[in-house]
Amino acid sequence: MKTQLLALSMGDPAGIGPEIIVKAYAEQPQLMQQVCVLGDAQVMQRALQLCREHGPGQSWPELLPVPDWQQAVQQGGQAGRLLLLQACDMPETLPAFGQVQALAGRMAADCIVAGARAALEGHAAALVTAPIHKEALALAGVDYPGHTELLQACAARHAGVSVAEMPVRMMLANPELRTVLNSIHVSLRDAIDQVTAQQVLETIRITHDFLQRTVCARLSRRPRIALAGLNPHAGEGGLFGREEIDAILPAMAAARDLGLDVHGPYPPDTVFMQARAGARQEPPFCDAVIAMYHDQGLIPVKYLGVEQGVNVTLGLPLVRTSPDHGTAFDLAGSARADCDSLVAAVRMARWMTGGQPD
């Protein structure tokens with residue numbers, strides 16, 4: 001990487017994103033000194049003022065707008081400064097807290113696109129994204145259901161390929177467990193249809209490539225991947241469904257033919273416990289579990305605590321991490337939201353790009 005600077009999109013301005021960003025700068029000044037926020041100056045100033053009012057004894061950062069990435073790099077080595085690049089049109093009236101609004105969705109989307117461009121063009125080493133609201137994106141006319149799909153489209157456009165030629169997957173990780181999703185933001189009916197041998201094999205490959213470049217590159221061994229079944233008891237030999245027999249097992253066999261260390265499918269009600277319990281063994285039970293649909297994989301990670309969870313997009317030609325929680329409209333404007341998951345996302349991005357998290 002030519003730069004150590006991380007880009008951080010501010011998220012939905014009606015949610016807690018701007019507030020937890022300010023708190024992260026205050027609580028982890030060394031970690032955040034090489035981070036530049038892509039957002040709106042008025043929104044971030046409002047968040048800073050709120051935090052000051054609710055935490056008068058805290059040392060809060062100084063908001064420092066910069067005109068371009070060159071200035072951001074020059075100013076980025078000093079703790080206590082919240083670097084800001086204006087990445088969206090300045091609104092005449094700031095979005096109200098805690099409400100789904102087209103204006104907020106548009107501002108959030110513009111900041112995400114600016115962050116993706118910065119990472120793809122080498123101005124930033126990675127992109128960390130604060131939470132957005134999917135309904136607000138839709139109201140703004142953004143034709144993508146979430147961060148993952150929008151970033152996939154940006155990266156595909158930059159590479160000059162179709163979206164289909166740049167498959168991505170979502171991973172949720174904390175210190176005890178990593179889960180990768182075979183499908184992302186689709187209905188449960190559609191998620192079941194996506195449990196095919198081709199799709200599962202692609203998920204295995206993307207997961208393996210990520211682990212090989214990051215986690216296992218530092219351990220000098222092959223990644224170990226566990227597959228969750230789709231059905232109760234992993235189908236019980238076809239008694240409770242045939243997806244394991246017709247799709248998951250053939251995908252695993254094809255992956256093993258490629259030299260990948262993949263095992264399963266395991267009953268989905270126990271595989272996450274096995275992964276957590278075996279995480280500190282050497283070799284571990286697995287380095288990641290592949291879940292067959294969204295909630296199957298996210299519930300166990302979030303149950304262990306959202307404050308340490310990090311969302312990582314796999315398959316992109318850029319590093320992207322995010323907190324594993326949403327906009328928390330019920331807390332927006334109160335300065336009570338916790339920044340721990342955002343801090344974990346920044347640490348993860350720093351680690352994934354070869355740097356030290358502190």
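Residues numbered from 1 in each chain as written. Predicted model: local features only at pLDDT ≥ 70, side-chain atom pairs only at ≥ 80, totals over all residues. Heavy atoms only, no water.

A. Seen up close, the packing of aromatic side chains. Evaluation of the coordinates by the stated rule reveals one aromatic pair. Both rings, one in Tyr266 and one in Phe285, keep their centres 5.2 Å apart while their planes meet at 55°; by these two values the pair is tilted. Remark: Phe285 occurs in the loop between helix 11 (271–277) and strand 10 (288–291) and Tyr266 occurs in strand 9 (residues 261–266); sequence separation between them is 19 residues. Among the residues examined, Phe285 registers a relative accessible area of 15% and is labelled buried. Directly above the aromatic system of Phe97 lies the positively charged group of Arg46, at a separation of 4.0 Å from the ring centroid. (Phe/Tyr/Trp six-rings, centres within 6.5 Å; stacked < 30°, edge-to-face > 60°. Helix = DSSP H or I, 4+ residues; strand = E, 2+ residues; numbered from the N terminus. Buried < 20%, exposed > 50% of the residue type's maximum accessible area, 1.4 Å probe, protein only. Lys NZ or Arg CZ within 6 Å of the ring centre and 35° of its normal.)

B. Region of interest: the pattern of salt bridges. Overall, the coordinates contain seven salt bridges when judged by the stated rule. A salt bridge links Glu202 to Arg169, with the nearest nitrogen and oxygen atoms 3.2 Å apart. Here Glu202, found in helix 9 (residues 197–213), pairs with Arg169, found in strand 6 (residues 169–174); they are 33 residues apart in sequence, far enough to count as distant. For Arg169, a relative accessible area of 4% puts it in the buried group. Measuring nitrogen to oxygen at the nearest pair gives 3.5 Å for the salt bridge that ties Arg205 to Asp209. (Salt bridge = Lys/Arg side-chain N within 4 Å of Asp/Glu carboxyl O.)

C. Layout of the nonpolar core. Core analysis: the largest hydrophobic core is formed by 105 residues, its most contacted members being Met10, Ile21, Val37, Met44, Trp69 and Ile204. For this core, the leading source of residues is helix 5 (residues 102–120), giving ten residues. Contact partners of Ile204, with chain neighbours within four places excluded, come to Ile225, Leu227, Ala251, Met252, Ala255, Leu260, Val262 and Ile290. Judged by nonpolar contacts, the second largest core, of 17 residues, contains Leu172, Ile184, Ala275 and Val289. (Core = buried A, V, L, I, M, F, W, Y, C linked by side-chain atoms within 4.5 Å. Contact = heavy atoms within 4.5 Å.)

D. Geometry of the side chain of Glu149. Mapping Glu149 onto the fold places it in helix 7 (residues 147–159). There is no salt bridge for the buried Glu149, and the closest opposite charge comes from Lys134, which lies 7.1 Å off by N-O distance. If we skip the residues at most four places from it in the chain, Glu149 touches Tyr144, Ile184 and His185. (Lys, Arg positive; Asp, Glu negative; His and termini not counted.)

E. The state of the cysteines, seen in detail. Evaluated as defined, the whole model comprises zero disulfides. This cysteine, Cys111, is not joined by any disulfide, and Cys88 carries the nearest cysteine sulfur, 4.1 Å off. The thiol sulfur of Cys154 is not disulfide-bonded, and the nearest other cysteine sulfur, from Cys111, lies at 12 Å. (Disulfide = S-S within 2.5 Å.)

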